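A look at the structure
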Amino acid sequence: MIQDFIPNYLLYFYYGAIALLIFSIVLDNRNPSKTTGYVLLLIFVPIVGVLIYFYFGRNYRKRKLFNRKGFTDNLLLLRWKKERETLFDEQEKSIESDSGEAYPVIKLLQNNNALLTHNNYVKLLTNGEEKFEDLIESIRNASHHIHLEYYIIEEDPLTRKLFDALIEKEKAEVEVRIIYDGVGSKLSNSFLRKIKNAGIEIHPFMPVRFPYFTS
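Residue numbers here run from 1 along each chain, matching the order of that chain's written sequence. Totals for whole chains, interfaces and linings use all residues, but because this is a predicted model, local features are given only for residues with pLDDT of at least 70 and pairs of side-chain atoms are given and counted only at 80 or more. With hydrogens and water set aside, each side-chain value is computed from the structure's full complement of heavy atoms.

1. As for the overall build of the protein chain
Note on conventions: DSSP H or I runs of at least 4 residues are helices, E runs of at least 2 residues are strands, and numbering of each starts at the N terminus. Helices and strands together make up the secondary structure of the protein chain, namely 8 helices and 3 strands. Starting at the N terminus, the α and β elements of the protein chain follow one another as α-α-α-α-α-α-β-α-β-α-β. Per-residue accessibility, obtained with a 1.4 Å probe over protein chains only, is compared with the maximum for each type, and a residue is labelled buried under 20%, exposed over 50%, and partly exposed between these values. Among the 215 residues that make up the protein chain, the fraction classed as buried is 26%. Surface accessibility in these figures is a Shrake-Rupley result with a 1.4 Å probe; residues are shielded only by whichever protein chains are displayed. With the model as given, the accessible surface of the protein chain reaches about 16400 Å², and the carbon-plus-sulfur share is 58%.

Structure below.
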């Protein structure tokens, strides 16, 4: 037992630290299974459980990276927002006359920092089948570059059809770049090699050091 090797005052300190860690984990917005797993680990695996938690459960590098990026993004967003607000104020009368009934919505978005920009085209797709047909058609019509970002990419017939189209565009000297999530996606090394050998630039977002422990 841990009590046989540690003085009482250190033992009390240890239990207090464990209680604070458990409290922190519960407040850390984790999913229930992950929260339960770490709590049980800290309670039933003394000392070693703490080491495992700090190594796998706390990603200080990722937090530091996101904090730094968030600070930079906020500065850029504030500068861009100020420029757009100035432009909106200068053109408000023409925007109101051109947009008609849509103007109240535009004004609402402007007041809630959802600033509109020019020269955009939006198409509403209502299901996955329609979406991927449209996506592959857009890929085939691309002439300069293709940038894709996905949380989940898995190897299946649809994915292979998608990447066949991307490889064809890369052969036609269209720049193809892809970002995918390192946790949510399941791509084999052989599949990734095939993509990279075709000249496509593909990278995981925040790659996982030990993928077998992600669950």
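There's more to say after this.
2. Quick look at the nonpolar core
I139, I146, F163, L166, I178, I200 and I202 are the most contacted members of the largest nonpolar core, which has 22 residues in total. Only α6 (128-141), β1 (145-150), α7 (157-171), β2 (175-181) and α8 (189-197) provide two or more residues apiece to this core. Per-element tally for this core: the top contributor is α7, with 5 residues. Residue contacts for I178: discarding those within four places in its chain leaves L148, I153, F163, L166, I200, E201, I202 and H203. Of all hydrophobic cores here, the second largest spans 11 residues; its members include L21, V39, V50 and Y53. By convention a nonpolar core is built from buried Ala, Val, Leu, Ile, Met, Phe, Trp, Tyr and Cys residues, the set being connected through side-chain atoms within 4.5 Å. Contacts are residue-level and defined by heavy atoms, with any inter-residue pair within 4.5 Å sufficient.

3. Quick word on the environment of L192
With respect to the secondary-structure elements, L192 resides in helix α8. The contacts of L192, once residues within four sequence positions are left out, are Y180, L187 and I202.

4. Remarks on the packing of α6 against α7
For any two helices packed against each other, one specifies the inter-axial angle together with the distance between the axes. Following both chains from N to C, one finds α6 and α7 inclined at 15 degrees, their axes separated by 9 Å at the closest point. Considering their axes alone, α6 and α7 lie roughly parallel with respect to each other. Seen along the crossing, α6 lies across α7 with a hand that is left-handed. Listed contacts from α7 to F132, L135, I136, I139 and R140 of α6 are L158, K161, L162, A165, L166 and K169. Under the grouping applied here, Gly and all other residues not named as nonpolar or charged are polar, the nonpolar ones being Ala, Val, Leu, Ile, Met, Phe, Trp, Tyr, Cys and Pro and the charged ones Asp, Glu, Lys and Arg. When the residues that make up the contact of α6 with α7 are grouped by side-chain class, the tally is 8 nonpolar, no polar and 3 charged. Only the contacting stretch of a helix is used when fitting its axis, a line to C-alpha atoms as for every element, and angles between N-to-C directions run 0 to 180 degrees. Note on angle classes: values under 35 degrees are labelled roughly parallel, values over 145 roughly antiparallel, values of 65 to 115 roughly perpendicular, and the remainder oblique. Take the far helix as the reference: if the near one is turned anticlockwise from it by less than a right angle, the crossing is left-handed, and if turned clockwise, right-handed.

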